[in-house]
Structure formats: structure tokens, C-alpha cells
Amino acid sequence: MIKNLVSWLRNISPFLAVIILWRLQTQYFNPGGILAIIPIFYYSFVRPIKWMPLMSIVFCFLIDYNMDTKLFWTCAYCIAYAINGFQYFLDLQRADKNAIVPFMIFIGAALFILMVANLSWIMIGRVLWVFVWMVILYTPITGLLKMVHGDD
């Protein structure tokens, strides 16, 4: 019975991580629940699991709702998911360091588009802060997720 419970908790841990990181939103450290993009990216592209793409679309929509970005993150995720379908060029499952470089490209491109759309000094500062903060937290969060979920 304990083994079944541990197995069940390991299986739902990626989904719980998305929910928890989205729910722990603050204006400065997690605006709109943007840190939920980390497990969404990791479990959609690097270590794909069943049902994560559907949940990712829902939570990207919720991040859009919280940030008032009108389907921006949902579209960014869908475009990245479509691009990832070209496995001839990209193989994120074999990328080193939990695929931090592709994550930096994904989040950097999306934040750059947001910055250009609302160009101001405040927006440049916010975009730089969110980018640096997400890149710093990517490795510890994915490392914790790998440990809890039991990824190799």
C-alpha cells in the first residue's frame, strides 16, 4: 500500500508542481505565476509525460489571465510545442543540464516580445528581472522535480 501511495505521489508530482508554482504568485518574485512555466517546459519538452500538454495549455491560459497578456503565453507554448515536433533538428530529451539553454531561448524570446510590445524602462527592468530569476531557479526546480518524480 505504501509503494502504491509513493508511486501515485511521484506520478502526480509534476502536476502538483505546476499548480503550486502558479498558485504561489507574488508581484515581484512570481508575477502572474510565471514560475509555473518551468515544470511546464520541463515536462512538456525535456521529459514529456502523459497529459502534461493539455494541462500546460490550461495553465498557460491561467498565467495569461493573471498577467493580462491575452493568450500570449498560451500561444508561445503552442508555438514551442509545434517547433518541438520537428525532432530532426531539436532533441531536448538528450540535452545536457536539464535543457537550460533551450529554456533560456524560449523564455528569452517570449519576454523579448513582451518587452518590445510595451517598451518602457520599467518594462525593460521587469523583463530582465524575470528572465534572470527564472534562469536562476530553473536548475534547482528541475533538480527537485527530477528527485521527487524519479527521473534518471
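Described in the following lines is the structure provided in the data block. Quick caveat: nothing in here was measured; it's all calculated off a predicted structure.

1. Side note on the overall build of the chain
- Within the chain one finds six helices and zero strands.
- Secondary structure elements of the chain, listed N to C terminal, follow the sequence α-α-α-α-α-α.
- Scaling as 2.2 N^0.38, a compact globule of 152 residues should have a C-alpha radius of gyration of about 15 Å, and the chain matches this with 15 Å.
- Taking the principal axes of its C-alpha atoms as reference, the chain extends roughly 55 × 35 × 25 Å.
- Taken across its 152 residues, the chain has 41% of its residues classed as buried.
- For the chain, contacts bridging at least 24 residues in sequence account for 69% of all contacts bridging at least 6.
- When the accessible surface of the chain is summed, it comes to about 9400 Å², and 73% of that surface belongs to carbon and sulfur atoms.

2. Some words on the pattern of salt bridges
- Under the counting rule described, the total for this entry stands at one salt bridge.
- One salt bridge connects Asp 68 with Lys 70, and the closest N-O pair in it is separated by 4.0 Å.
- When its relative accessible area of 56% is taken as the criterion, Asp 68 is described as exposed.

3. Examining the packing of helix 4 (residues 72-84) against helix 5 (residues 100-117)
- At a minimum axis separation of 11 Å, helix 4 and helix 5 run at an interaxial angle of 140°. As the angle between them shows, helix 4 and helix 5 are arranged oblique. The element helix 4 and its partner helix 5 pack so that their crossing is right-handed. Where helix 4 approaches helix 5, its residues Phe 72, Trp 73, Ala 76, Tyr 77 and Ala 80 are matched on the opposing element by Phe 106, Ile 107, Ala 110, Leu 111, Ile 113 and Leu 114.

4. As for the side chain of Asn 84
- Along the chain, Asn 84 turns up in helix 4.
- Once residues lying within four places of it in the same chain are set aside, the contact partners of Asn 84 are Ser 44, Phe 45 and Leu 92.

5. Structural notes on the nonpolar core
- Counting 46 residues, the largest nonpolar core has Ile 37, Ile 38, Phe 41, Trp 73, Phe 103, Met 134 and Tyr 138 as its most contacted members.
- Elements represented by at least two residues in this core include exactly helix 1 (2-23), helix 2 (37-46), helix 3 (52-67), helix 4, helix 5 and helix 6 (121-149).
- Here this core gets nine residues from one element, more than from any other, and that element is helix 6.
- Setting aside residues no more than four positions away along its own chain, Phe 41 makes contact with Val 46, Leu 92, Ala 99, Pro 102, Phe 103, Phe 106 and Tyr 138.

6. Structural notes on helix 1
- Roughly 45° is the biggest bend found in helix 1, and it falls at Ser 13, with proline Pro 14 one to four residues downstream.
- Turning to helix 1, its buried residues number three or more, namely Ser 13, Pro 14, Phe 15, Ala 17, Val 18, Leu 21 and Trp 22.
- On its buried side, helix 1 packs onto helix 2, helix 3 and helix 6.

Each value, and the rule that gives it
- Residues numbered from 1 in each chain as written.
- Predicted model: local features only at pLDDT ≥ 70, side-chain atom pairs only at ≥ 80, totals over all residues.
- Heavy atoms only, no water.
- Helix = DSSP H or I, 4+ residues; strand = E, 2+ residues; numbered from the N terminus.
- Rg over C-alpha atoms; globule rule 2.2 N^0.38 Å.
- Buried < 20%, exposed > 50% of the residue type's maximum accessible area, 1.4 Å probe, protein only.
- Contact = heavy atoms within 4.5 Å.
- Areas by Shrake-Rupley, 256 points an atom, 1.4 Å probe, with all protein chains shown as cover.
- Salt bridge = Lys/Arg side-chain N within 4 Å of Asp/Glu carboxyl O.
- Axes fitted to C-alpha atoms, helices over the stretch in contact; angles between N-to-C directions.
- Parallel < 35°, antiparallel > 145°, perpendicular 65-115°, else oblique.
- Left-handed = near helix turned anticlockwise from the far one by under 90°.
- Core = buried A, V, L, I, M, F, W, Y, C linked by side-chain atoms within 4.5 Å.
- Bend = angle between axes of the 7 residues up to and from the residue.

Worth remembering: the numbers are spatial, not functional.
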